[in-house]
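Next come the chains, spelled out residue by residue.
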Amino acid sequence: MSASNENGSRGGQRAGVFDVRQVIAALFVLYGLVCTLMGLFGTSSREIEQAAGVNINLWSGIGMLVFAGAFILWGWLRPIIVPTESDTESS
Amino acid sequence: MHVLAQEQLRLDAGPVDYLLLALYFAFVLGIGLLARRSVSSSLDFFLSGRSLPAWVTGLAFIAANLGAVEIIGMSANGAQYGMPTMHYFWVGAIPAMLFLGVVMMPFYYGSKVRSVPEFMLRRFGKAAHLVNAISFAVAQLLIAGVNLFLLASIVNVLLGWPLWVSVIIAALIVLSYTGLGGLSAAIYNEVLQFFVIVAALLPLTVVGMIKVGGWSGLVDKISAQYGANELSAWPGNELTGFGSNFLSVLGIVFGLGFVLAFGYWTTNFVEVQRAMASKSMSAAQRTPIIGAFPKMLIPFLVIIPGMIAGASVQEMMALKQTGESNVEYNDALLLLMRDLLPNGILGIALAGLLASFMAGMAANLSSFNTVFTYDIWQAYIVRNRPDSYYLSMGRWVTVGSTVVAIGTAFIASGYSNLMDYLQQLFSLFNAPLFATFILGMFWKRMTPAAGWSGLVFGTAASLSVFLMAETGVLELPGQGASFVGAGAAFVVDIVVSVVVSLATRPKPAAELVGLVYGLTPKEDRTASNTGEDAGWYRRPALLAGIALVIVVVLNIIFG
């Protein structure tokens, strides 16, 4: 998982400097790959029949990969901008 | 204690499913560690340094509530009652969330209080503050127990571990990330959990729908087996327990929609804390409003699978028709997963369930430790220490509350329909709170004495309705008793507050600026609309209007 961008870790007041979008995308890339592969190679015809004839592993795997791609794209187009001076009022 | 029928519910999880589960836990703990790096003061730990964007807090707002109660309880209600369960979302959540964002958030965020009880302190003084802080803390520990119990029963079903081992292990996992990263870790995990929960429930719903032959297939099956009552949301007699249609609609609109829902969503610090963590007034206002959009659609992923289970899973059909079976309504979702999902997606479904239960419990813990540390410990027990003291205190409180939640988990296990149990708790604690808040925010004459006495008598009123229903003096099956209890609490609270206010002295107006509507200048109540808050799609009132229109349309379509 990726700590985001060019912010480094100085300035202790900045809670939430890492980009949660990339973390979510990373998990769903892995989930999507596992499910797609299961759908292609690991799902028996009995299981497909049980799931009303749908190869649900394959379809959800593809869905999750698309979702992860969208989140990566979003993070890339709109990166988190970390202000140099934060104005929280805590001590 | 409810012993799950092992062979029936044991899911056929394989190595791939465990791999997917393990991946999920690695990410959860990773977020805890990443979030820890950014915690350097108690404000970071308890309120994420007030720095989060609105979409993050908005999704966390929903996910914090998308715990076991929602997933298991609402699918159980869906299987048992059908469409009337939709009221918990469309009537019982959305209007209150919009109200919180548009009307109440300016006071919460604008006054810079760190918790809901702290608002009580500033508005009404110490007595009301203490009543609120203690009742909230107690409620959170009870509800954390419910979430923990459900989390443990899933682990118990899946792995076959004894329930008490599952309870302790589940508690340790939640403790490790909330203790490390505080609210940021809880919130970021809630956002991740939200998506994992959707990834778990969406395929289940889709496959289930195809299995029963689409929407028309589901309608046919349910009306043939159980009658058409379960297919329309109104008037919902089965749900409320009222024989008369008029009383039933009244109970839903006033009891659930107004008192219970507004009490829960607008004064519950678990929810409000998420909005307080956002980075501007505009973002704080948008938090519950953004949350309202996914919230409208969640019933399709929770109630519909429950109904599908009721119409197609053998054991569920037996339970509905004869009332006798070795499964319970709470098992609806698990049974459907067992029947439909192959290995692979099954692992994700399990991760989603565990995610949801952890989200609920983490939310309870993170709000409990804030209230306990700021509003009880710092305010009354150990005052004037450096901030670092309260930060480490917060971590220890998290540990302590986890231990107590393990105890309350065993109390929760005594109730078969957890939704009933939670509604009872909410009506006891939240309904009078809302009455006090709404009166206090709009009526500057309301006095400190009225603040605490209204709360005490309101809570006593809902407690007596609860006891009368338990002992059989009041005959109200379903969830009618909590609707009546909430209504009674609200009315008693308002009456007592008004009477006491007229007899005692109000606070001077100068002390109420920022806390009472009439005494707060308009510019202090209005969010900025420049910079990061610019654009029509970031205007809270407009977004709220759009949400309201959609929810009315949904009620017409499925009414």
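Residues numbered from 1 in each chain as written. Chains lettered and ligands numbered in written order. Predicted model: local features only at pLDDT ≥ 70, side-chain atom pairs only at ≥ 80, totals over all residues. Heavy atoms only, no water.

J.: Before we move on, could you go through the overall build of chain B and cite the residues and values that matter?
T.: Along its length, chain B carries 24 helices and 0 strands. A total of 559 residues make up chain B; the buried ones form 64% of that total. For chain B, contacts bridging at least 24 residues in sequence account for 83% of all contacts bridging at least 6. With an accessible surface of roughly 18300 Å², chain B has 68% of that area assigned to carbon and sulfur atoms. (Helix = DSSP H or I, 4+ residues; strand = E, 2+ residues; numbered from the N terminus. Buried < 20%, exposed > 50% of the residue type's maximum accessible area, 1.4 Å probe, protein only. Contact = heavy atoms within 4.5 Å. Areas by Shrake-Rupley, 256 points an atom, 1.4 Å probe, with all protein chains shown as cover.)

J.: An account of the overall build of chain A is needed here, citing residue identities and associated values.
T.: Counting secondary structure elements, chain A contains 3 helices and 0 strands. Starting at the N terminus and walking to the C terminus, you meet the elements of chain A as α-α-α. Taken across its 91 residues, chain A has 41% of its residues classed as buried. Taking as baseline every contact in chain A between residues at least 6 positions apart, the subset at least 24 positions apart corresponds to 69%. Summed over its atoms, the accessible surface of chain A is roughly 5100 Å², and 63% of this surface lies on carbon and sulfur atoms.

J.: Mind laying out the interface of chain A and chain B, listing which residues take part and the relevant values?
T.: The partner chain B presents 44 residues to the 36 residues of chain A that form the contact. Of the roughly 3600 Å² buried where chain A meets chain B, counting both sides, 74% is carbon and sulfur surface. Where chain A touches chain B, the interface holds 0 salt bridges. Here chain A and chain B share 3 residue pairs in polar contact (both at pLDDT 80 or more) between them. Residue assignment for the side of chain A that touches chain B shows that the elements contributing at least two residues are α1 (20–42), α2 (45–50) and α3 (56–77) of chain A. Residue composition of the side of chain A that touches chain B, grouped by class: 23 nonpolar, 9 polar and 4 charged. (Buried area = accessible area lost by both parts, 1.4 Å probe. Salt bridge = Lys/Arg side-chain N within 4 Å of Asp/Glu carboxyl O. Polar contact = N/O pair within 3.5 Å; in protein donor to acceptor, adjacent residues only side chain to side chain. Nonpolar A, V, L, I, M, F, W, Y, C, P; charged D, E, K, R; others polar.)

J.: Lay out the environment of A:Leu65 in plain terms, naming residues and giving numbers.
T.: All names here are of chain A. Take Leu-65: it is sitting in helix α3. In sequence terms Leu-65 and Leu-33 are 32 residues apart; their C-alpha atoms lie 7.2 Å from each other. Setting aside chain neighbours within four positions, we find Leu-65 in contact with Phe-28, Val-29, Gly-32, Leu-33 and Thr-36.

J.: So, the nonpolar core: which residues are in play, and what are the values?
T.: A:Tyr31, B:Tyr24, B:Tyr108, B:Met316, B:Met337 and B:Phe437 are the most contacted members of the largest nonpolar core, which has 199 residues in total. In terms of residue count, helix α10 (residues 163–211) of chain B provides more of this core than any other element does, 22 residues in total. Ignoring sequence-local partners within four residues, the contact set of A:Tyr31 consists of A:Met64, B:Leu20, B:Leu23, B:Tyr24, B:Ile348 and B:Ala351. Counting residues in each nonpolar core, the second largest holds 5 residues, with B:Ala137, B:Leu141, B:Phe368 and B:Met393 among its members. (Core = buried A, V, L, I, M, F, W, Y, C linked by side-chain atoms within 4.5 Å.)

J.: Would you mind going over a nonpolar patch on the surface in detail, with residue names and values included?
T.: Residues and elements named next belong to chain B. On the surface, Phe-246, Leu-247, Leu-250, Phe-254, Val-491, Val-495 and Val-499 cluster together to form a nonpolar patch covering roughly 640 Å² of accessible area. Breaking the nonpolar patch down by element, the ones donating at least two residues are α13 (245–267) and α22 (480–503). Among the elements that take part in the nonpolar patch, α13 stands out by supplying 4 residues, more than any other. Here Phe-246 lies in helix α13. (Patch = residues over 30% accessible without salt bridge, like charges linked within 9 Å, V, L, I, M, F, W, Y side chains within 5 Å.)

J.: Help me get a handle on the UniProt feature "transmembrane region" (unreviewed entry) in chain A, residues and values and all.
T.: UniProt records the feature "transmembrane region" (unreviewed entry) at residues 20–42 and 54–77 of chain A, using the numbering of this structure. Secondary structure within residues 54–77 of chain A divides into 92% helix and 0% strand; the distance between the first and last C-alpha atoms comes to 35 Å. (UniProt positions renumbered as here; feature names shortened; annotations may be inferred.)

J.: Let's hear about helix α15 (residues 281–312) of chain B: which residues, and what values?
T.: For α15(B), built from 32 residues, the straight-helix expectation of 46 Å at 1.5 Å per residue is met to within 8% by its first-to-last C-alpha distance of 48 Å. Taken across its 32 residues, α15(B) has 27 buried, putting it largely inside the fold. (Expected span 1.5 Å × (residues − 1).)

J.: Give a detailed account of unusual backbone geometry, specifying residues and quantitative values.
T.: Residue and element names in this part refer to chain B. A positive phi angle, close to 60°, is found at Lys-112, a residue other than glycine. Looking at the element boundaries, Lys-112 is found in the loop between α7 (94–110) and α8 (116–124). Lys-112 gets classed as partly exposed once you look at its relative accessible area, which sits at 37%. A positive phi angle is found at Asn-384, which is not glycine, with a value near 55°. Inspection of the secondary structure puts Asn-384 in the loop between α18 (345–381) and α19 (387–412).

J.: Lay out the side chain of B:Thr267 in plain terms, naming residues and giving numbers.
T.: Residue and element names in this part refer to chain B. Mapped onto the elements, Thr-267 comes out in helix α13. When its relative accessible area of 1% is taken as the criterion, Thr-267 is described as buried. One polar contact links the side chain of Thr-267 to the main-chain carbonyl oxygen of Gly-263, over a distance of 2.6 Å. Ignoring anything within four residues of it in the chain, the contact list for Thr-267 reads Tyr-108, Val-116, Phe-262, Asn-430, Leu-433, Phe-434 and Phe-437.

J.: Tell me about helix α17 (residues 332–340) of chain B, and name the residues and values.
T.: In terms of residue burial, α17(B) counts as a mostly covered element, since 7 of its 9 residues are buried. For α17(B), the set of buried residues is B:Ala332, B:Leu333, B:Leu334, B:Leu335, B:Leu336, B:Met337 and B:Leu340.

J.: An account of the packing of helix α4 (residues 54–65) of chain B against α10(B) is needed here, citing residue identities and associated values.
T.: Residues and elements named next belong to chain B. Close contact between α4 and α10 brings their axes to 8 Å; oriented N to C, the two are set at 70°. Relative to α10, the element α4 lies roughly perpendicular. The segment α4 lies against α10, with Trp-55, Val-56, Leu-59, Ala-60, Ile-62, Ala-63 and Ala-64 engaging Ile-187, Tyr-188, Glu-190, Val-191, Phe-194 and Phe-195. Split by residue class, the contact of α4 with α10 holds 12 nonpolar, no polar and 1 charged. (Axes fitted to C-alpha atoms, helices over the stretch in contact; angles between N-to-C directions. Parallel < 35°, antiparallel > 145°, perpendicular 65-115°, else oblique.)

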